[in-house]
Amino acid sequence: MRRLFLFTFLLYSTSKSLAQVSTVVTVIPQPVQAYVREGKFELKPTTRIHFPQGKADWATVAQYFMGIAQASTGFQLTGIPYQTVPTSLRENGIYFIPDERIEQSEGYQLEIMPLFVAIRARTAAGAFYGAQTLRQMFGPSMGSSTPTKDSAWTAAACIITDYPRFSYRGMHLDVSRHFFPVTFIKRYIDLLATHKFNRFHWHLTDDQGWRIEIKKYPRLHQIGGCREETLVGHATDAPPRFDGKPYCGYYTQEEIREVVEYARQRFITIIPEIEMPGHASAALAAYPELGCTGGPYKVAKTWGVFEDVFCAGNDKTFEFLADVLKEVCALFPGEYIHIGGDECPKTRWKACPKCQKRISTEKLKNEDQLQSYFIRRISEIVARYGKKIIGWDEILEGGLPAGATVMSWRGNDGGIAATKAGQYAIMCPTSHCYFDYYQSDPAQEPLAIGGFLTVQRVYDYEPVPASLTAEEARFILGAQGNVWTEYISTPEQVEYMAFPRACALSEVLWTPANKRAPGDFMRRLRNHFRFLENMGVNYARSYYDVKATFNGGYVSLSTADAQAQIKYTLDGSDPKPTSPGMYSPIPLSKTTTLKAAALVDGKFPGRILTVRYVVHKALNKPYTLSTQPSQYSGGEKYALTNGSIGALRSWYHWVGLQDADFDPVIDLETITPIQKISVNFLVGTGYLIYPPRSIEVFTSNDGENFASVGKREIPVNELVGNRIENVSFNLNGIGARYVKLVAQRYGPLPGSNEKTWLFLDEIMVE
Ligand code: TNX
């Protein structure tokens with residue numbers, strides 16, 4: 001036995017002299033080290049799966065692998081427990097072998113040889129990750145849950161040494177805003193396990209629904225688990241519209257246990273989140289005596305932050321939460337309970353005699369310290385049940401309780417502050433980890449909360465902030481992708497938002513930083529897409545979206561996938577594989593609707609881009625502006641005359657000024673007859689984008705003396721909502737060299753000092 005062991009270990013060390021060939025290994029996340037060998041292993045109906053006897057968790061891993069392999073191959077594989085590690089590995093066998101010499105607790109060595117496969121690991125978790133790698137080595141067909149006949153079940157011979165970079169590799173799912181059934185939660189867990197995630201943060205309570213049964217307080221799921229109706233469209237749309245349908249859902253304790261066990265078998269620890277003191281409307285609707293005003297309260301039916309929160313002055317609140325947490329701690333075996341702590345307005349506490357009394361008796365300075373008091377008390381309660389708390393980075397405000405772990409979401413600062421205080425942090429800044437954000441041009445994507453986060457940007461994420469010392473960096477446990485579901489109402493949409501961004505994050509969390517390579521990741525991702533397809537995952541094809549720029553009268557098209565060929569049309573029809581391909585910029589001499597899509601292996605995997613370019617007399621003409629745009633420049637210097645029209649939800653072509661008027665003076669370079677001048681403006685009051693008060697147009701031949709040729713006051717009666725409006729002026733063929741347009745800003749919001757924005761896209765001169 002020893003001999004064979006030594007022999008295979010020798011192989012590892014001599015293999016270092018071989019060139020490391022990675023193109024055969026298309027696994028995600030990328031393993032630490034992979035050496036390709038001659039030949040391949042073939043899985044046959046007669047292949048035996050060998051695993052150690054008397055080790056329940058190892059048997060689970062072997063069975064898990066057999067389950068997957070049988071589902072996709074249709075083979076009835078045989079599992080054989082062994083008593084001692086066999087002295088020689090038999091032909092046609094896949095061996096799971098406990099091996100104390102593997103250093104990392106989640107590490108493994110996978111040896112795929114033409115005659116056998118060996119997965120060695122110190123723990124069953126390591127063996128599980130080895131099995132996941134082996135599964136991907138068999139190719140995309142191994143993702144299928146129904147037998148596929150036409151596949152050769154072979155894996156390239158190789159030796160892979162692998163272990164994770166971070167110990168906390170998390171994905172989150174909000175089941176409060178929308179509820180997802182147990183069947184989907186299990187599937188989500190499977191998808192996480194496939195990508196070697198080991199934590200599932202289950203966001204179980206929020207304003208819009210309490211989703212976990214608590215035996216002592218049945219009204220939580222009975223009342224708190226139901227809302228009257230749900231907002232339709234975006235929270236910034238006005239007037240708000242509702243669907244008129246009650247929306248209910250919760251998990252029984254039995255279901256929770258079932259999910260916990262399912263996750264355990266996939267080496268995933270669940271972190272349950274019970275939100276407090278804010279995001280508590282659903283709990284207050286069920287037990288109004290826990291709020292400062294006593295209610296009545298309603299389960300929220302729209303999205304946002306709500307002022308009614310748990311009363312911090314009432315001891316009943318803590319008794320109630322202690323009872324709730326007792327049941328929660330008993331259900332979830334992990335060491336952590338997430339207690340929320342984010343976005344807790346202090347309005348009610350300021351006006352609440354009990355809260356104010358607490359502030360004085362506890363000698364607290366203010367409501368921030370009352371929040372800190374609240375969290376500290378809860379952390380003591382959780383400690384009594386043998387657990388530790390995680391909280392959103394707001395738990396730093398007013399003092400971080402000892403032993404608490406910070407989940408840093410408003411950038412990296414919360415995480416940095418925690419590590420500097422010698423406490424643990426999990427990173428999930430909105431900038432790189434919010435998978436509820438748009439992943440491509442919002443104009444083309446399904447409605448989402450906002451933001452912009454591409455798969456490439458997720459891949460570029462570095463969880464350890466550069467400002468940390470090596471000692472502080474040890475306190476960064478890892479990172480997490482967050483899937484908030486205000487705008488995600490179906491399992492399909494969860495998959496769409498989570499994948500492939502979770503694939504990128506899995507590599508950020510698993511693969512050593514110096515082995516990460518964006519180009520190679522994209523190459524493997526293309527292959528992995530087929531694996532996801534076979535798993536039936538509704539991943540976003542946004543990666544294949546075509547981007548267009550119109551410059552100097554020419555359109556250039558590009559897509560993130562360098563191997564794709566871009567096909568386009570200029571006649572409004574959908575592109576076909578036989579349509580012209582984009583090889584050099586396309587000249588446009590008249591207003592045109594362009595359609596384009598990326599062709600890969602004879603198919604269009606992504607969306608068809610549709611854009612309208614306006615060719616007009618001011619196209620590409622230079623202009624001056626008194627105030628230059630900063631953040632929203634429309635992408636180029638003369639974006640107001642670049643022929644590109646802005647879209648709702650998309651900022652690409654809009655030029656925005658905050659608290660300033662637009663006053664472009666366009667030089668048409670020669671005296672030009674003008675029939676019409678028109679301009680679009682954007683209204684998005686939720687984003688402080690307001691209509692102009694007025695628009696006035698002037699012309700001139702010398703650039704100094706301007707005459708007004710038309711002025712329009714913009715009615716301000718319909719102020720709310722998101723829309724695009726157009727204003728046009730008929731000039732009846734006046735000849736002029738210079739055109740000046742003055743769009744007067746809306747000005748500060750009445751009753752507040754907030755500065756509004758004004759957004760224009762194009763000044764069209766015809
Ligand atoms: C902020 S992240 C929240 C959530 C929202 C999310 C939407 C955090 C701790 N709080 O309640 O769902 O933004 O992106």
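Residues numbered from 1 in each chain as written. Predicted model: local features only at pLDDT ≥ 70, side-chain atom pairs only at ≥ 80, totals over all residues. Heavy atoms only, no water.

Details of the overall build of the protein chain
Item 1. Within the protein chain, the secondary structure is distributed over 18 helices and 34 strands.
Item 2. Relative to its length of 766 residues, the protein chain is compact, with a C-alpha radius of gyration of 30 Å against a globular reference of 27 Å.
Item 3. Dimensions of the protein chain, computed from C-alpha atoms along their principal axes, come out at roughly 95 × 75 × 50 Å.
Item 4. Relative to its 766 residues, the protein chain shows a buried fraction of 58%.
Item 5. Looking at the protein chain alone, contacts between residues at least 24 apart form 71% of all its contacts between residues at least 6 apart.
Item 6. Charged side chains of the protein chain number 81 positive and 78 negative; the gap between the two group centres comes to 5 Å. (Helix = DSSP H or I, 4+ residues; strand = E, 2+ residues; numbered from the N terminus. Rg over C-alpha atoms; globule rule 2.2 N^0.38 Å. Buried < 20%, exposed > 50% of the residue type's maximum accessible area, 1.4 Å probe, protein only. Contact = heavy atoms within 4.5 Å. Lys, Arg positive; Asp, Glu negative; His and termini not counted. Charge placed at Lys NZ, Arg CZ, Asp CG, Glu CD.)

Side note on the state of the cysteines
Covalent bonding between the sulfur atoms of two cysteines is what defines a disulfide.
Item 1. Overall, the coordinates contain one disulfide when judged by the stated rule.
Item 2. Two residues share a disulfide in this structure: cysteine 226 and cysteine 248, whose sulfurs sit 1.9 Å from each other. Residues cysteine 226 and cysteine 248 share a disulfide whose torsion about the S-S bond is about 115°; that sign makes it right-handed. A residue pair is termed long-range when its members are at least 10 positions apart, and cysteine 226 in strand E12 (residues 226–227) and cysteine 248 in strand E15 (residues 247–248) qualify at 22 residues.
Item 3. With no disulfide partner, cysteine 311 has as its closest neighbouring cysteine sulfur the one in cysteine 292, 3.7 Å distant.
Item 4. For cysteine 311, a relative accessible area of 2% translates into the label buried. (Disulfide = S-S within 2.5 Å.)

So, the site of the ligand
Item 1. Taken together, the residues surrounding the ligand are Arg177, His279, Asp342, Glu343, Trp392, Trp409, Tyr434, Asp436, Ile449, Trp484 and Glu486.
Item 2. Within the contact set of the ligand, an oxygen atom lies 2.6 Å away from a side-chain nitrogen or oxygen of glutamate 486.
Item 3. When isolated, the ligand has an accessible area of 370 Å², and the protein chains bury 93% of it.
Item 4. The class makeup of the residues in the shell around the ligand is five nonpolar, one polar and five charged. (Near = heavy atom within 4 Å. Polar contact = N/O pair within 3.5 Å; in protein donor to acceptor, adjacent residues only side chain to side chain. Areas by Shrake-Rupley, 256 points an atom, 1.4 Å probe, with all protein chains shown as cover. Nonpolar A, V, L, I, M, F, W, Y, C, P; charged D, E, K, R; others polar.)

A few points about the domain arrangement of the protein chain
Item 1. By the assigned domains, the protein chain splits into domain 1 (2–162), domain 2 (168–510), domain 3 (541–613) and domain 4 (615–766).
Item 2. Spacing between the C-alpha centres of domain 3 and domain 4 amounts to 28 Å.
Item 3. Opposite the eleven residues of domain 3 that make contact, domain 4 presents nine residues.
Item 4. Taken over both partners, the interface formed by domain 3 and domain 4 buries close to 760 Å², and the fraction arising from carbon and sulfur atoms is 48%.
Item 5. When the area that domain 3 buries against domain 4 is broken down by residue, the three leading residues are Phe550, Arg612 and Tyr613, summing to 50%.
Item 6. Between domain 3 and domain 4 we count zero salt bridges in total.
Item 7. At the junction of domain 3 with domain 4, the criterion picks out one residue pair in polar contact (both at pLDDT 80 or more).
Item 8. For the side of domain 3 that touches domain 4, the secondary structure elements donating two or more residues are strand E22 (546–551) and strand E27 (609–613).
Item 9. It is E22 that contributes the most residues to the side of domain 3 that touches domain 4, three residues altogether. (Domains from an automatic or database assignment. Buried area = accessible area lost by both parts, 1.4 Å probe. Salt bridge = Lys/Arg side-chain N within 4 Å of Asp/Glu carboxyl O.)

Quick notes on the sheet that holds strand E9 (residues 199–203)
Item 1. Around the barrel, which closes on itself, the eight strands sit in the order E8-E9-E16-E17-E18-E19-E20-E21 with parallel pairing between neighbours. The mean angle between the axes of side-by-side strands here comes to 30°, regardless of whether they run parallel or antiparallel.
Item 2. Sheet topology note: the strand E19 (residues 405–408)/strand E20 (residues 425–427) ladder contains three bridges and is parallel. Bridged to serine 408 within E20 is methionine 427. (Pairing = 2+ DSSP bridges. Axes fitted to C-alpha atoms, helices over the stretch in contact; angles between N-to-C directions.)

Digging into the side chain of arginine 120
Item 1. Relative to the helices and strands, arginine 120 resides in strand E6 (residues 116–121).
Item 2. On the accessibility criterion, arginine 120 (0% relative accessible area) is buried.

Points about the packing of helix H8 (residues 315–331) against helix H11 (residues 367–384)
Item 1. For the pair H8 and H11, interaxial distance at closest approach is 10 Å and the crossing angle is 35°. The hand of the H8/H11 crossing is right-handed. For the pair H8 and H11, the contacting residues are Asp315, Thr317, Phe318, Leu321, Ala322 and Leu325 in the first and Tyr373, Phe374, Arg377, Ile378, Ile381 and Val382 in the second.
Item 2. By residue class, the composition of the contact of H8 with H11 is nine nonpolar, one polar and two charged. (Left-handed = near helix turned anticlockwise from the far one by under 90°.)

Quick word on the pairing of E19
Item 1. The alternating pattern of E19 places Thr405 and Met407 and Val406 and Ser408 on opposite faces, both of which are buried.
Item 2. For strand E18 (residues 388–392) and E19, the ladder comprises three bridges, and the chain directions are parallel. What sits directly across from glycine 391, in E19, is valine 406.
Item 3. For the segment spanning E19, helix H12 (residues 413–420) and E20, crossover handedness is right-handed. (Right-handed = clockwise from strand over helix to strand, strands pointing away.)

Here's the deal with the sheet that holds strand E26 (residues 592–599)
Item 1. A sheet is described by the order of its strands in space; here three strands give the open sequence E24-E26-E27, paired in antiparallel fashion. Strands with a single pairing partner mark the edges of an open sheet, and in this sheet they are strand E24 (565–569) and E27. Across the sheet, the axes of successive neighbouring strands diverge by a mean angle of 25°, strand direction being ignored.

Focus on H11
Item 1. For H11, with 18 residues, the first-to-last C-alpha span of 26 Å sits near the 26 Å given by 1.5 Å per residue.
Item 2. Along H11, the positions that sit buried rather than exposed are Glu367, Leu370, Gln371, Ser372, Tyr373, Phe374, Ile375, Ile378, Ser379, Ile381 and Val382.
Item 3. Looking at the buried side of H11, the elements it contacts are strand E16 (269–276), H8, strand E17 (336–340), helix H9 (347–351), helix H10 (353–361) and E18.
Item 4. For H11, the N-terminal capping position is held by asparagine 366, with its side-chain oxygen 3.2 Å away from the main-chain nitrogen of aspartate 368.
Item 5. Once H11 ends, the next one or two residues include glycine 386, with phi positive near 80°. (Expected span 1.5 Å × (residues − 1).)

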